[in-house]
Each structure stands twice: as structure tokens, then as C-alpha cells.
Amino acid sequence: MSSLPYAADAESPLKPAELNVLRSQYEKEGEYVSLQTKFNFAWGLIKSSQRQDQQDGVRLLSDIFRASPDRRRECLYYLALGNYKLGNYAEARRYNDSLLELEAGNLQAQSLRQLVDEKVAKEGLMGVAIVGGLAAAAAVGVGMLVKGAQRKR
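Residues numbered from 1 in each chain as written. Predicted model: local features only at pLDDT ≥ 70, side-chain atom pairs only at ≥ 80, totals over all residues. Heavy atoms only, no water.

Colleague: Explain the packing of helix H4 (residues 72-86) against helix H5 (residues 89-102) residue by residue, including any values.
Modeller: Two elements in contact, H4 and H5, have axes whose closest approach is 8 Å; the angle formed by their N-to-C orientations is 155°. The pairing of H4 with H5 is recorded here as roughly antiparallel in orientation. For the pair H4 and H5, the crossing hand works out as left-handed. Together, Arg73, Leu76, Tyr77, Leu79, Ala80, Asn83 and Tyr84 of H4 and Tyr89, Glu91, Ala92, Tyr95, Asn96, Ser98, Leu99 and Leu102 of H5 make up the contact between the two elements. Class assignment for the residues of the contact of H4 with H5 results in 10 nonpolar, 3 polar and 2 charged. (Axes fitted to C-alpha atoms, helices over the stretch in contact; angles between N-to-C directions. Helix = DSSP H or I, 4+ residues; strand = E, 2+ residues; numbered from the N terminus. Parallel < 35°, antiparallel > 145°, perpendicular 65-115°, else oblique. Left-handed = near helix turned anticlockwise from the far one by under 90°. Contact = heavy atoms within 4.5 Å. Nonpolar A, V, L, I, M, F, W, Y, C, P; charged D, E, K, R; others polar.)

Spelled out as C-alpha cells, the structure:
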């Protein structure tokens, strides 16, 4: 990786007690939850190491993104990060690229772009290897069937 600051949020979960503080505030406000409390809780969920929490965080941020146009910019990075952590790399890239269009110099977003690109390249190579392996196995299987059929003649 280059000299960009690392997108530390990608691998630094909140402690359960910290997340519980955010959850308590969110639940205490109930149906009248403020936008800031909702954002803070979503942020904490995104930073969680639990997949369900991350999914809930992306859902809450998506709600904020749709309902509050003036808060979209601040949602973009965490929507990108949440989707990255969930393995939704195309969505992560889409949100992150939108943020970089607004803030080309955003170092966290640049770092996250590198992480996404590295994952996509790594998983793409694994996918090619798996497909290649399956194709080779299929070719061997077909070859064995053809040999077997030729012997029966």
C-alpha cells in the first residue's frame, strides 16, 4: 500500500460497551430518534465485527441517505465501508467513488478505494482459479468418459 493513511475503520470495531451506549441512546429516543443519534448508532454498527450489526448499520445509513439529502455526503464513506465489510464490493466502490467525486482529496476514501480494489483483484483471481480448476476437472471427466466409451466398442 502507498503512503495513504489506512482506512482504519475497516478493521477497528467498537468495544461492545461502546456500541451498547449508542444502542441505548437510539432505543431511548424511540420513534422520535434524532438524525444524529441514528447516524451515530449506524456508525457504531458499521464498525462492529458482527455481520448482522454491519447489515443493520448499512440499512440505517441507507435510510438516512434517502431521507436527508443534506446528510448524504457524510453517509457515503460509511456506506462504502459497510458494504466493503459485508463483501459487497461493487456497492462499496459505487459509494466510495461518489464521495471521491465530491472530495477528490479525501485520504480515507482513497485508502478505502485501494482496499476495495485489492479485494476485488484477489477474489477475481481466486474466481478465475476456481473456474479454471472446474474446467480442468470437467475436461478430465469428459476425457475419461470418451476413453471408457471407446473401450466398450
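Colleague: Can you break down the packing of helix H3 (residues 51-67) against H4 residue by residue, with the values?
Modeller: Close contact between H3 and H4 brings their axes to 9 Å; oriented N to C, the two are set at 155°. Looking at the two axes, H3 sits roughly antiparallel to H4. H4 is crossed by H3, and the crossing has left-handed handedness. For the pair H3 and H4, contact is made by Arg51, Gln54, Gln55, Val58, Leu61, Ser62, Ile64, Phe65 and Arg66 and by Arg72, Cys75, Leu76, Tyr78, Leu79, Gly82, Asn83, Lys85 and Leu86, respectively. Grouping the amino acids of the contact of H3 with H4 by side-chain chemistry returns 9 nonpolar, 5 polar and 4 charged.

Colleague: Quick one: what's the story with the confidence of the model for the chain, residue by residue and with numbers?
Modeller: When the pLDDT values of the chain are averaged, the result is 83; 75% of them are 70 or greater. The spread of mean pLDDT over the elements of the chain runs between helix H6 (residues 107-152), the lowest at 68, and H3, the highest at 97. In the predicted structure, residues 1-5 sits below a pLDDT of 50 and forms 12 contacts with residues beyond four places in sequence or in another chain. When the criterion is pLDDT under 50, residues 127-131 qualifies, and its contacts beyond four places in sequence or with other chains add up to 0 contacts. (pLDDT = per-residue confidence, 0-100.)

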